[in-house]
Amino acid sequence: MGFTMGLNMILLLVMVATNILSLYHLSSTVQSPKPPLPSPVPDHLIRQLNTIRATINHLTRHNPSSAASAMKPASAVPQDLILHSQIGPIASSCHNHPDLLHKYMDYTPFSTCPFDPDLQETLILNGCHPLPRRRCFSKTPAKQPSSLPLTPFPTSLPDSGVVWNKYSCKSFTCLLQNNPTGFDLNAQRASLLKYTSELDLPIPQFMQLAKSANSAIRLGIDIGGGTGTFAAVMKKSYNVTVLTTTMNVNAPYNEAVALRGLVPLHVPLQQRFPVFDGTMDLVRCGRAVNRWIPVPVLEFMFYDVDRVLRAGGYLWVDRFFSKAVDLEKVYGPLIRKLGYKKVKWAVANKTDPSGLKHGEVYLTALLQKPVSKT
């Protein structure tokens, strides 16, 4: 009712402004029966009319009145979207993509949710998180594995644990053949354990550094951790629990993490970590964190890392790449603003074709949060 009254008031203002404009023209005509040219409309009246018109368009786009709804199809703005915009948390960025959002919310409550992971990923990556769809039942695989593997490095992951409809590959074997970087679990483990250049920080070396500093490593977050191999090594070798943030971009990364007996977090980089303040011993930024992430999002992320890290906890930046000049002028100062102790800071040239073309470098850094900050 409040919205309807507000909209009626705005419409009344439009009528009043229109009448004022008409009277202005009429008075000009009476005073000058034969003016050489029509009197110009005052700028302040035009600005007021444009403001009122823009306000009406904005409000009716997102919150149509009952009269407007009667003239439009019922699906123009899903009622469930209006409901949850009032009682549930919806990121403000959702409203920047109304067409995608309305498509996502076009579903039948209390029935099976539409299976649209690609649409979900697009919305989430554009900052629309948490997603507002609530009152439907998610589609799950018809035959779930009966038990978790004894080790997070099984010989193969069960295909029955994934709904493959929206993916070009229909099995983990296909993913291994077409995307070995993402799904060769043993190769990923080897890369986390070996030292071949100054950019490498093998997990055993990190654990030894933490032990030497009398800093216990029990809980952690791996940002952009793909299939969860870092978490798998930490669990298997050191009994450390690591949460893995990952997205299902063109492949079922979250399902892969879960099928290994690990915990995936389906959240984007701009999302606040769903853990309490000062509870993590380690936060690792994998290669998904790089120069393609907008600087404001990176700044938000680093300060949220500081929020969840306990005093004496570690921030591990693993092969962050950017242009050399940007590392010096933008990203380096951004990281140093945290005021953390440098345990390792290694920079080296990125020697692939893209790196050579754009003058890019890698940064691997291990930073320790001060025990006390004033």
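In this text the structure is predicted, and so the values were computed from the model without any measurement.

Chemist: Looking at this structure, I do not really get the sheet that holds strand 3 (residues 263–265). What am I missing?
Modeler: Across a sheet, paired strands are connected by hydrogen bonds in the backbone, their directions being either parallel or antiparallel. Ordered in space as 3-2-1-4-5-7-6, the 7 strands form an open sheet in which the pairing is mixed. At either end of the open sheet lies a strand with only one pairing partner, and these are strand 3 and strand 6 (341–349). Going across the sheet, the axis of each strand differs from the next one's by a mean of 15 degrees, ignoring polarity. By the bridge criterion, 4 bridges tie strand 1 (residues 219–223) to strand 4 (residues 280–285) in an arrangement that is parallel. Following the sheet pairing, D222 is matched in strand 4 by R284. Against the sheet, helix 14 (residues 324–336) contacts strand 5 (309–323), strand 6 and strand 7 (360–368), and its axis sits at roughly 170 degrees relative to strand 5.

Chemist: Before we go on, may I ask you to explain the pairing of strand 4 in this structure?
Modeler: Within strand 4, 6 of the 6 residues are buried, which leaves the element mostly enclosed by the surrounding structure. Considered for its hand, the β-α-β crossover made up of strand 4, helix 13 (residues 295–308) and strand 5 is right-handed.

Chemist: Help me out: how do you make sense of the confidence of the model for the protein chain in this one?
Modeler: Residues shown with low pLDDT carry predicted positions that ought not to be read at fine detail. Overall, the predicted model of the protein chain reaches an average pLDDT of 83, with 75% of residues at or above 70. For the stretch residues 21–33, pLDDT sits under 50, and the model shows 9 contacts to residues farther than four places along the chain or on other chains. Note on residues 64–75: pLDDT is under 50 here. Beyond four places in sequence and across chains, it has 7 contacts.

Chemist: Help me understand the environment of R134 in this model?
Modeler: Inspection of the secondary structure assignment puts R134 in the loop between helix 6 (117–125) and helix 7 (172–178). Sequence separation between R134 and M105 is 29 residues, and the spatial gap between their C-alpha atoms is 9.4 Å.

Chemist: Help me out: how do you make sense of the pattern of salt bridges in this one?
Modeler: One side chain can pair with another of opposite charge once the charged atoms of both are near each other. Under the definition given, this model contains 14 salt bridges. Among the ionic pairs, R284 bridges to D222, the shortest N-O distance being 2.8 Å. On the criterion of sequence distance, the pair formed by R284 in strand 4 and D222 in strand 1 is long-range, its members being 62 residues apart. Under the relative-accessibility criterion, D222 is labelled buried at 0%. Here D304 makes a salt bridge to R307, at a shortest N to O gap of 2.6 Å. One end of the pair, D304, and the other, R307, are both in helix 13, 3 residues apart, so they sit about a helical turn from each other. Residue classification places D304 among the buried residues on the basis of a relative accessible area of 6%. Shared partners join several salt bridges into a network, and the residues in it are R272, D277, D304 and R307.

Chemist: Looking at this structure, how should I read the environment of V295?
Modeler: Within the fold, V295 resides in helix 13. Here the alpha-carbon distance between V295 and V330, two residues 35 residues apart in the chain, equals 8.3 Å. For V295, the residues in contact, after removing those within four places along its chain, are V330 and Y331.

Definitions and cut-offs
- Residues numbered from 1 in each chain as written.
- Predicted model: local features only at pLDDT ≥ 70, side-chain atom pairs only at ≥ 80, totals over all residues.
- Heavy atoms only, no water.
- Pairing = 2+ DSSP bridges.
- Helix = DSSP H or I, 4+ residues; strand = E, 2+ residues; numbered from the N terminus.
- Axes fitted to C-alpha atoms, helices over the stretch in contact; angles between N-to-C directions.
- Contact = heavy atoms within 4.5 Å.
- Buried < 20%, exposed > 50% of the residue type's maximum accessible area, 1.4 Å probe, protein only.
- Right-handed = clockwise from strand over helix to strand, strands pointing away.
- pLDDT = per-residue confidence, 0-100.
- Salt bridge = Lys/Arg side-chain N within 4 Å of Asp/Glu carboxyl O.

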